[in-house]
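# Structural features, examined
The chain contents come next:
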Amino acid sequence: MIYFDNNATTPLDERVLEAMMPFLKTMYGNPSSVHRFGRIAKSAIETAREQVAALVDAPPAQIIFTSGGTEANNLALHRYAHATIAVGATEHPSVLEAAKRARAHHCIPVNAQGIIDDEALAALIALRPDMASIMLANNETGAIQPIAHIAECLTPHGICVHSDAVQALGKIPVSFAQLGVQLLSISSHKIYGPKGCGALIFDKSTPPQSSMLGGGQEQDFRSGTENVAAIVGFGKAAELAKNALAQRHEATLALKQQLVLALEKMPHITLFSCHTQQLPNTVLFGLDGIDGEWVLLKLDQLGIAVSSGSACASGEAAPSHVLLAMGISPDVAQTALRVSVSHHNTLTEILKFVEIIHSLGK
Ligand code: PLP
């Protein structure tokens, strides 16, 4: 098997599994218990909080563990449920759907590369929403939004900025301090950690409003007994990601460059978001006139795993809302195929993939 679907999820790092195992076996205490079992679990969570904090350059006390990126996004937007929220047109469904619950919501248009430009920002400021939610990197195209610039423009107008950094984390540097946003969402399973774990980082000026009520865990922002093993795994994955960020960036970018170079030489290929800053591991392209879902299934038969857009949207026949928002026609959007590599992939795998695409495109 060749696994080229790392934006959907990543394999669990062996060292992460090792760190988690004791908390699935002997160290099963409830972190809220005052006895030794509980104290061990509590202390493990606090260590993980520090590891995650170090990766995102934020104070540990401003990190709330959640069940993943989806919950972090929902929690971020929940604070503004009685207000007006503006969201980027290419956001993940967990943002788009959560925004629909607000008193009023607006959609911020993107340009042909999937970027919110200064013109769109000026129109957004004129709308005066209470909150704007704009992702750092798109899961389908890999396009990177200029979030620090966007936050700099919006915050003086009293607009709270939330950014979904789920796809950016572990692939490019993510600094909560430097981005200047008030809320930031991240997820563990995109950085070789376990599924079902994530976090919301908040600025002290903008504490989230808890949607999960109960025992008051996570500073009363997110009640419920913590998933200790997963949080420990997330912490370990964050520590590994911080130490290997440059090396992973370089390794994935080298593979991506080889793939893009080969694709550019082929006739009848469309590359999406290729004229803007993109994640080092993501290539979204289409073979003209050939359905992406069909190619995906062909590749699957040959043992190659890719995505025909967002994994969360797989099974849907509709063309990607991300590409439609970029002004791509439904017919062309339907051809999209996403390759998202990791540092585990090799040049041999890329070359094999290119050969197959070449023959399918003939
Ligand atoms: N945001 C983005 C950009 C994503 O790509 C995903 C998952 O694919 C999520 C949020 C949801 O994260 P999780 O799977 O941890 O709920």
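Note: the structure precedes this text.
For every chain, the first residue of the written sequence is number 1, and numbering continues from 1 onward in sequence order. Restriction of local features to residues with pLDDT of at least 70 applies here, the model being predicted, together with a cutoff of 80 or more for giving and counting side-chain atom pairs; totals for whole chains, interfaces and linings are based on all residues. Calculation of side-chain values draws on the structure's entire complement of heavy atoms; hydrogens and water are dropped beforehand.

What follows deals with the pairing of strand S3 (residues 84-88). Between buried and exposed lies partly exposed: a residue is buried under 20% and exposed over 50% of the maximum accessible area for its type, with that area taken using a 1.4 Å probe on protein chains only. Strands here mean DSSP runs of E at least two residues long; helices mean DSSP runs of H or I at least four residues long; both are numbered from the N terminus. A large share of S3 lies buried, amounting to 5 of its 5 residues. Both faces of S3 are covered, namely the face carrying Thr84, Ala86 and Gly88 and the face carrying Ile85 and Val87. Two strands form a pair only when DSSP identifies at least two bridges running between them. Across 5 bridges, the pairing between S3 and strand S4 (residues 104-108) is parallel. Within S4, the residue paired with Ile85 across the bridge is His105. With 3 bridges joining them, S3 and strand S5 (residues 131-133) adopt parallel strand pairing. Each bridged residue has a counterpart across the sheet, and for Ala86 the counterpart in S5 is Ala132.

Here the focus is a nonpolar patch on the surface. The grouping of Leu12, Leu17, Met21 and Leu24 at the surface amounts to a nonpolar patch, some 320 Å² of accessible area in total. Residue position: Met21 is located in helix H1 (residues 14-24). A relative accessible area of 30% means that Met21 is categorised as partly exposed. Only residues whose relative accessible area exceeds 30% and that form no salt bridge enter a patch; like-charged residues are grouped when within 9 Å of one another, and nonpolar side chains (Val, Leu, Ile, Met, Phe, Trp, Tyr) when within 5 Å. The accessible surface values rely on the Shrake-Rupley method and a 1.4 Å probe; as for residues, cover is taken only from the protein chains in view. Any carboxyl oxygen of Asp or Glu that lies within 4 Å of a side-chain nitrogen of Lys or Arg is treated as forming a salt bridge with it.

For cavity detection a 1 Å grid was placed over the protein atoms alone, and a set of points counts as a cavity when a 1.4 Å probe fits there but cannot get out; an open set counts as a pocket when protein lies on both sides within 12 Å along at least five of seven lines, with lining residues being those that have an atom within 4 Å of a point. Grid points are joined across faces, edges and corners, and a volume is the space filled by probe spheres set on the points. In this structure the tally under the stated criterion is 2 cavities of 30 Å³ or more. Of the voids in this model, the largest cavity is the one considered here, and its volume is about 120 Å³. In this structure, the largest cavity is lined by 16 residues; those nearest its centre are Gly170, Lys171, Tyr192, Thr252 and Val341. Put simply, Ala, Val, Leu, Ile, Met, Phe, Trp, Tyr, Cys and Pro go in the nonpolar bin, Asp, Glu, Lys and Arg in the charged bin, and everything else, Gly too, in the polar bin. Class assignment for the residues of the lining of the largest cavity results in 5 nonpolar, 8 polar and 3 charged. For the domain bounds, the source is a domain assignment made automatically or taken from a database. Each of domain 1 (2-9 + 244-360) and domain 2 (14-241) gives at least three residues to the lining of the largest cavity.

On to the sheet that holds S5. One open sheet holds the 7 strands; their spatial order is S2-S8-S7-S6-S5-S3-S4, and the pairing between them is mixed. Looking at strand neighbours, the two that pair on one side only are strand S2 (63-66) and S4, the edges of this open sheet. Strand-to-strand twist across the sheet, computed as the mean angle between neighbouring axes with direction ignored, equals 20°. Sheet topology note: the S2/strand S8 (residues 198-202) ladder contains 4 bridges and is antiparallel. Opposite Phe65, over in S8, you have Ala199 as the bridge partner. Contacts were defined at the residue level, with two residues in contact if any of their heavy atoms lie within 4.5 Å. Angular values range over 0 to 180 degrees, each being the angle between N-to-C directions of two axes fitted as lines to C-alpha atoms, with helices fitted over their stretch in contact. Strands in contact with helix H2 (residues 36-56) are S2, strand S7 (183-187) and S8; relative to S2, the strand with the most contacts, it is inclined by about 110°. Across the sheet, helix H3 (residues 69-78) lies against S2, S3, S5, strand S6 (160-164), S7 and S8, angled at about 165° from S7, the strand it touches most.

Turning next to helix H9 (residues 292-301). Helical periodicity: at 3.6 residues per turn, an α-helix aligns residues three or four positions apart in one direction. If you check which residues of H9 are buried, you get Gly292, Val295, Leu296 and Leu299. One face of H9 carries all of its buried residues, which in axial projection span an arc of 105°. For H9, the elements touching its buried residues are strand S10 (282-287), strand S11 (304-305), strand S12 (336-340) and helix H12 (347-361). Phi for Gly303, located one or two positions after H9, is positive at around 85°. Think of it as the arc spanned by the lines of direction from the helix axis to the C-beta atoms.

Throughout, the term near means that a residue has one or more heavy atoms lying within 4 Å of the molecule or strand in question. Gly69, Thr70, Asp164, Ser187 and Lys190 are the nearest of the 15 residues found near the ligand. Any pair of nitrogen or oxygen atoms within 3.5 Å is treated as a polar contact; in protein, a donor-acceptor pairing is required on top of that, and neighbouring residues in sequence qualify only through side-chain atoms on both sides. Within the contact set of the ligand, an oxygen atom lies 2.9 Å away from a side-chain nitrogen or oxygen of His189. A distance of 2.5 Å separates an oxygen atom of the ligand from a polar side-chain atom of Lys190. For the ligand, whose free accessible area comes to 390 Å², the fraction covered by protein is 89%. Taken together, the residues of the shell around the ligand sort by class into 3 nonpolar, 10 polar and 2 charged.

For the rest of this paragraph, the subject is the sheet that holds S10. Reading across the sheet, the 3 strands line up as S9-S10-S12 and stay open at both edges, with antiparallel pairing between neighbours. Edge positions in the sheet fall to strand S9 (269-271) and S12, since each of these pairs with one other strand and no more. Strand-to-strand, the axes of this sheet are offset by a mean angle of 30°, without reference to chain direction. Inspection of the sheet shows S10 paired to S12 by 5 bridges, in the antiparallel sense. Counted as the bridge partner of Leu284 is Arg338 from S12. Where helix H8 (residues 228-265) meets the sheet, it contacts S9, S10 and S12, and its direction lies at approximately 20° from that of S10. Packing of H9 onto the sheet brings it into contact with S10 and S12, and relative to S12 it is tilted by some 45°.

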